[in-house]
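Here is how the chains run, residue by residue.
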Amino acid sequence: MELKLNTIGKIKTIEIAGKFDIESTEEFESIFNKLIESSPNLVSIEMSRLDYIDSSGIGSLIKSLNSLKNKKGKLLLVGMKPMIQNVFKLAKLDMFFEIMNSSDFQSKYIDADSDSDIDDLLKRN
């Protein structure tokens, strides 16, 4: 598994690539817990390059969701491949996680955030 951290505006993002299984949950949870120390409002998990997830990877995401909810934050799962999204739907996990495709995420959170920055600048001038 490969993990990459990014910050886009006010959104903290963890990009996961490869396999998310029992061998990688400890690393993911460690990084996630450090990331949420600052109590971000929104964390996205970019999953477009994730090829495989097992029950321990899903368990790790559930733990992360609960940790962030306890800090009044929101977790988004972004860009899942159809095969992985089907696993979440079959297990009814789509009722607990907010799952978005990349373009919806971009337009709702990234483009909207850019517009608000422009609006803030215009209001100041």
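As annotated in an unreviewed UniProt entry, the protein chain carries the name Anti-sigma factor antagonist and comes from Leptospira bouyouniensis. Taken verbatim from the UniProt record of the protein chain, the Sequence similarities (unreviewed entry) comment is "Belongs to the anti-sigma-factor antagonist family."

S.K.: Is there a simple way to think about the packing of aromatic side chains in this case?
M.R.: The relation between two aromatic rings is expressed through the spacing of the ring centres and the mutual angle of the planes. On inspection of all chains with the given rule, the structure shows four aromatic pairs. Seen from their ring centres, F20 and F28 are 5.0 Å apart, and the 55 degrees between their planes marks the pair as tilted. Each member of the pair, F20 as well as F28, is classed as buried. Measuring from centroid to centroid gives 5.9 Å for F28 and F32, while their planes differ by 25 degrees, and the two rings are stacked. Pair noted here: F28 and F32 are both in helix α1 (residues 25-35), with a separation of four residues, about one helical turn.

S.K.: Would you mind showing me how to read the sheet that holds strand β3 (residues 42-53) here?
M.R.: Read across the sheet, five strands follow the order β1-β2-β3-β4-β5 without closing on themselves; strand pairing throughout is mixed. Both edges of this open sheet fall to β1 (2-8) and β5 (98-100), since each of them pairs with a single strand only. In this sheet, neighbouring strand axes are inclined to one another by 25 degrees on average, regardless of whether the strands run parallel or antiparallel. Packing against the sheet, helix α3 (residues 82-90) makes contact with β3, β4 (74-78) and β5, and its axis sits at approximately 110 degrees to β3.

S.K.: Looking at this structure, I do not really get the pattern of salt bridges. What am I missing?
M.R.: Close approach of charged atoms allows side chains with opposite charge to pair. Applying the stated criterion across every chain, the model contains five salt bridges. Between K81 and D51 there is a salt bridge, with its nearest N and O atoms 2.4 Å apart. Highlighted residues: K81 in the loop between β4 and α3 and D51 in strand β3, separated in sequence by 30 residues. Here D51 falls in the partly exposed class, since its relative accessible area comes to 41%.

What counts and how
- Residues numbered from 1 in each chain as written.
- Predicted model: local features only at pLDDT ≥ 70, side-chain atom pairs only at ≥ 80, totals over all residues.
- Heavy atoms only, no water.
- UniProt positions renumbered as here; feature names shortened; annotations may be inferred.
- Phe/Tyr/Trp six-rings, centres within 6.5 Å; stacked < 30°, edge-to-face > 60°.
- Buried < 20%, exposed > 50% of the residue type's maximum accessible area, 1.4 Å probe, protein only.
- Helix = DSSP H or I, 4+ residues; strand = E, 2+ residues; numbered from the N terminus.
- Pairing = 2+ DSSP bridges.
- Axes fitted to C-alpha atoms, helices over the stretch in contact; angles between N-to-C directions.
- Contact = heavy atoms within 4.5 Å.
- Salt bridge = Lys/Arg side-chain N within 4 Å of Asp/Glu carboxyl O.

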